[in-house]
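# What the coordinates show
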Protein chains: 2
Amino acid sequence: MLNEFDLFKDFLRQQNLRWTPQRKMILEVFLSFEGHVEMEALHKQILIHQPDLGIATLYRTLKLLTDCGLIEAHSFQNGKKTYERMFHVRHHDHLICTRCGDTVEFEHPLIEKYQLQICEQYGFTLKHHKMELLGICRNCLK
Amino acid sequence: MLNEFDLFKDFLRQQNLRWTPQRKMILEVFLSFEGHVEMEALHKQILIHQPDLGIATLYRTLKLLTDCGLIEAHSFQNGKKTYERMFHVRHHDHLICTRCGDTVEFEHPLIEKYQLQICEQYGFTLKHHKMELLGICRNCLK
DNA sequence: CATTAAATTGATAACGGTTATCAATATAAA
DNA sequence: TTTATATTGATAACCGTTATCAATTTAATG
Ligand SMILES: [Mn+2]
Ligand SMILES: [Mn+2]
Ligand SMILES: [Zn+2]
Ligand SMILES: [Zn+2]
């Protein structure tokens, strides 16, 4: 059964890039998170495993993981990126509370279908999409 | 008939802020653009009217216009913001060509309706949303 | 019109997440 | 081992945007 490590190794070999302890460790730590991972939290956790890992290596590795499709980078409100596991994860979109930052994942097949229709109508080849519903969550309204 | 200038003046008065020549000029120049306005293009055009206008004043004024709802700030791919007139403009979402950057505006009533349903389902009060369909346009495929 | 308190302006420094640079080091193929 | 090349970590640079601050302008009041 294929997993993320195999896929990453294959991707690296294909591009004449190298499988290194740092890349292995970063992927391991990343996968230990759930949902949307912020750079700051990830970096903090990674320093526990390897205190001298350069921040540049972390950014570079996340870019590689993005390039090979294993993870996805989001640019939500505040300018900071978050990263999300993509392998063996269903597509979904996000509800985001603008007060507390909480996010809820959802999927809606008809919305997905209409998006495709719209692209056809305008002659676009859809690669991906971003749909974020921004509002106030139940807790924050209390 | 109310226009953007009246609304902006009212907003400023309400907040104990002041109606200044700079704010008037920035709004005028902004309204002379169509669609999505990039800071760089706006700034260039503004310097024609007032060569010594400080960039901070431009940012501050765009923030005010955003706060009072006359314009909306988008954060597309590249980190730069674009601004869009909101007053007397129908809501719409965007198709974006990731190759040439061209954008097409569209609206789809059913998608809007389902978005509201999803928010109800999860107990969110929807404030606004962002839907971007990213793909390759007809021209770029040739 | 003159006075006055408070808001605004423009210049510029600072910010912060991210990327580029580069010499030292590690990888992997031969 | 040898060798070519990719990678790493430190750190400077980047760049759009914000914060700071003294000088100026606004608008309410007398
Ligand atoms: Mn998600
Ligand atoms: Mn919409
Ligand atoms: Zn909330
Ligand atoms: Zn295009």
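Further up the page is the structure itself.
What this report covers is the structure whose coordinates are included nearby. Quantities reported herein were computed from a predicted structural model and do not represent experimental measurements.

## Here's the deal with the nonpolar core
- Ranked by internal contacts, the top residues of the largest apolar core, which has 28 residues, are L95, F124 and L133 of chain A together with L95, F124 and L133 of chain B.
- For this core, the secondary structure elements donating two or more residues are β4 (93-97), β5 (103-106), α5 (109-122) and β6 (125-136) of chain A together with β4 (93-97), β5 (103-106), α5 (109-122) and β6 (125-136) of chain B.
- Once residues lying within four places of it in the same chain are set aside, the contact partners of L95 of chain A are D102, T103, V104, F106 and L133 of chain A together with I118, C119, Y122 and F124 of chain B.

## Quick notes on the protein's contact with DNA strand C
- The environment of DNA strand C is formed by 21 residues, the closest being R18 and Y59 of chain A together with R18, T20 and R23 of chain B.
- Looking at DNA strand C alone, sugar and phosphate atoms form 73% of those within 4 Å of the protein.
- Y59 of chain A is positioned such that a nitrogen or oxygen atom in its side chain is 2.5 Å from a phosphate oxygen of DNA strand C.
- The backbone of K81 of chain A places a nitrogen or oxygen atom 3.1 Å from a phosphate oxygen of DNA strand C.
- Looking at side-chain class alone, the surface near DNA strand C contains seven nonpolar, six polar and eight charged residues.

## Side note on the coordination of the zinc ion (ligand 4)
Residues and elements named next belong to chain B.
- At 2.2 to 2.4 Å from the zinc ion (ligand 4) lie its protein donor atoms, namely C97 (SG), C100 (SG), C137 (SG) and C140 (SG).
- For the zinc ion (ligand 4), the four donor atoms in the first shell make angles of 103 to 115 degrees at the metal, a pattern classed as tetrahedral.
- All donors of the zinc ion (ligand 4) belong to a single chain; written as a sequence motif, their spacing is C-x2-C-x36-C-x2-C.
- With relative accessibility at 0%, the residue C97 sits in the buried group.

## Some points on the pattern of salt bridges
All names here are of chain B.
- What the rule picks out here adds up to nine salt bridges over all chains.
- E4 is the salt-bridge partner of R85, the closest N and O atoms lying 2.8 Å from each other. Within this pair, whereas R85 is found in strand β3 (residues 81-85), its partner E4 is found in helix α1 (residues 4-14), the two being separated by 81 residues in sequence.
- Residue R85 is classed as partly exposed on the basis of its relative accessible area, which comes to 34%.

## Some remarks on the protein's contact with DNA strand D
- Neighbouring residues of DNA strand D: 21 residues in total, closest R18, T20 and R23 of chain A together with R18 and Y59 of chain B.
- The sugar-phosphate portion of DNA strand D accounts for 73% of its atoms within 4 Å of the protein, the bases making up the rest.
- Measuring from a base oxygen of DNA strand D, one finds a side-chain N or O atom of R18 of chain A at 2.7 Å.
- At 3.3 Å from a phosphate oxygen of DNA strand D is found a main-chain nitrogen or oxygen belonging to W19 of chain B.
- Elements that contribute at least two residues to the surface near DNA strand D include exactly α2 (21-31) and α4 (55-67) of chain A together with α4 (55-67) of chain B.

What counts and what doesn't
- Residues numbered from 1 in each chain as written.
- Chains lettered and ligands numbered in written order.
- Predicted model: local features only at pLDDT ≥ 70, side-chain atom pairs only at ≥ 80, totals over all residues.
- Heavy atoms only, no water.
- Core = buried A, V, L, I, M, F, W, Y, C linked by side-chain atoms within 4.5 Å.
- Buried < 20%, exposed > 50% of the residue type's maximum accessible area, 1.4 Å probe, protein only.
- Helix = DSSP H or I, 4+ residues; strand = E, 2+ residues; numbered from the N terminus.
- Contact = heavy atoms within 4.5 Å.
- Near = heavy atom within 4 Å.
- Polar contact = N/O pair within 3.5 Å; in protein donor to acceptor, adjacent residues only side chain to side chain.
- Nonpolar A, V, L, I, M, F, W, Y, C, P; charged D, E, K, R; others polar.
- Donors = N, O, S within 2.8 Å, 3.2 Å for Na, K, Ca; no water.
- Tetrahedral: all angles 85-135°; square planar, octahedral: opposite > 155°, others 65-115°.
- Salt bridge = Lys/Arg side-chain N within 4 Å of Asp/Glu carboxyl O.

Geometric descriptors of this kind do not, in isolation, establish any biological role.
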